[in-house]
Amino acid sequence: MAASASASPLSDIPVADAGGPSAAALMVCGEETRANIVKILALPSVPGTAATWADKFYTCTYTLPGGALVLSVKEAADPDAAHAFFQELQRSTVAADPIEGLANLGFPAFQTPASAAFVKDSFVLTVDASALPETLGPHEVTRAAFAYQVATTVLACWSE
């Protein structure tokens, strides 16, 4: 069952109530992430969003030209549980290739032709661009590159 949330007077982004998503999870639907998406794709306006919270899973869906972009955060009980969730997600995801070297920013990560996933602390972040066209924006960035770029901008904001 989803936890209740109220809208902030400054935006339509849900604000966590008791038992709701953490501040880190809420960032995937926050102003900074929205601004980064606008910048990456050179959008003329800020995209609309819809967010849900259920079973320690916060999901933010962006309505973009050409389709939806889905960012999700699984909040695990601890880092070990987050790693276990991530490993199962990677095993069950078709075409999941590990992101290695400097590109993974020191975190376990994988990418597909249309998504990226990272685990940091007790969180698993997934960016799914599979509902979008093959290339996006004026620079014709691929879905994979877009998903990776959005994921890394969120990771840059996370701190505990």
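Located above this text is the structure these notes cover.
Q: Can you walk me through the overall build of the protein chain in this structure?
A: Summing up its helical and strand segments, the protein chain has four helices and eleven strands in all. Going through the 160 residues of the protein chain one by one, you find that 44% of them count as buried. Considering only intrachain contacts with a sequence separation of at least 6, the fraction spanning at least 24 residues in the protein chain is 52%. Roughly 8,100 Å² of accessible area belongs to the protein chain as shown, and the carbon and sulfur atoms make up 58% of that amount.

Q: Sorry, what's going on with the packing of aromatic side chains here?
A: The relation between two aromatic rings is expressed through the spacing of the ring centres and the mutual angle of the planes. Summed over all chains, the structure comprises four aromatic pairs. Between F86 and F110, the ring centres sit 5.4 Å apart and the planes meet at 45°, which makes this aromatic pair tilted. One end of the pair, F86, is in helix α3 (residues 79-92); the other, F110, is in strand β7 (residues 109-112), with 24 residues separating them in the sequence. By relative accessible area, which is 3% here, F86 ends up buried. Classification of F110 by relative accessible area gives buried; the value is 2%. Positioned above the aromatic ring of F85, the side-chain terminus of K74 is 5.7 Å from the ring centre.

Q: In this structure, what is going on with the nonpolar core? I would like to understand it.
A: Generally speaking, nonpolar side chains in soluble globular proteins are found buried as a group. In terms of nonpolar packing, the biggest core is built from 36 residues, with I37, L41, L64, L69, L125 and F146 touching the most fellow members. Mapped by element, the contributors of at least two residues to this core are α1 (23-26), α2 (31-41), β4 (57-64), β5 (67-75), β8 (115-120), β9 (123-128) and α4 (143-157). In terms of residue count, α4 provides more of this core than any other element does, six residues in total. I37 has contacts with L43, P47, Y62, L64, L69, F146 and V150, leaving out every residue within four places of it along the chain. A76, A82, F86 and F110 belong to the second-largest nonpolar core, a separate cluster that totals eight residues.

Q: For this particular structure, what's the right way to read the pairing of β8?
A: Where a strand is regular, its side chains alternate between the two sheet faces. With six of its six residues buried, β8 lies for the most part within the structure. Neither face of β8 is exposed, since S115, A117 and V119 on one face and A116, F118 and K120 on the opposite face are all buried. Strand direction decides the pairing type here: β7 and β8, joined by four bridges, are antiparallel. From the neighbouring strand, A109 faces β8, where its bridge partner is F118. Bridge analysis of β8 against β9 gives six bridges, and the strand direction is antiparallel. Across the sheet, A117 pairs through a bridge with T126, a residue of β9. Taken together, β8 and the strand that follows it, β9, pair antiparallel across an intervening segment of two residues, in which D121 is found at a positive phi of about 55°.

Q: What is the right way to look at the packing of α2 against α4 in this model?
A: How two helices pack is summed up by the angle between their axes together with the distance between the axes. Direction vectors running N to C along α2 and α4 enclose 145°, while the axes themselves pass 10 Å from each other. Between α2 and α4 the crossing geometry is right-handed. Packed against α2, whose contacting residues are E32, T33, N36, I37, I40 and L41, the element α4 presents F146, Q149, V150, T153, V154 and C157 at the interface.

Q: Could you clarify how one ought to interpret the pattern of salt bridges in this entry?
A: Working definition: two side chains of opposite charge can pair if their charged atoms are close together. Under the counting rule described, the total for this entry stands at three salt bridges. Notably, a salt bridge pairs E134 with R143, separated by 2.9 Å at the nearest N-O pair.

Q: Just to check I follow, could you spell out the sheet that holds strand β3 (residues 48-54) for this structure?
A: Across a sheet, strands are paired by hydrogen bonds formed along the backbone, either parallel or antiparallel in direction. Across the sheet, which stays open at both edges, the seven strands sit in the order β3-β4-β5-β9-β8-β7-β6 with antiparallel pairing between neighbours. In this open sheet, the two edge strands, each paired with only one partner strand, are β3 and β6 (97-98). Pairing between β6 and β7: two bridges, direction antiparallel. Within β7, the position partnered with D97 by the bridge is Q111. Of the strands in this sheet, β4, β5, β7, β8 and β9 touch α4, which is tilted by about 25° from β8.

About the thresholds
Residues numbered from 1 in each chain as written. Predicted model: local features only at pLDDT ≥ 70, side-chain atom pairs only at ≥ 80, totals over all residues. Heavy atoms only, no water. Helix = DSSP H or I, 4+ residues; strand = E, 2+ residues; numbered from the N terminus. Buried < 20%, exposed > 50% of the residue type's maximum accessible area, 1.4 Å probe, protein only. Contact = heavy atoms within 4.5 Å. Areas by Shrake-Rupley, 256 points an atom, 1.4 Å probe, with all protein chains shown as cover. Phe/Tyr/Trp six-rings, centres within 6.5 Å; stacked < 30°, edge-to-face > 60°. Lys NZ or Arg CZ within 6 Å of the ring centre and 35° of its normal. Core = buried A, V, L, I, M, F, W, Y, C linked by side-chain atoms within 4.5 Å. Pairing = 2+ DSSP bridges. Axes fitted to C-alpha atoms, helices over the stretch in contact; angles between N-to-C directions. Left-handed = near helix turned anticlockwise from the far one by under 90°. Salt bridge = Lys/Arg side-chain N within 4 Å of Asp/Glu carboxyl O.

Just geometry here; none of it tells us what the structure is for.
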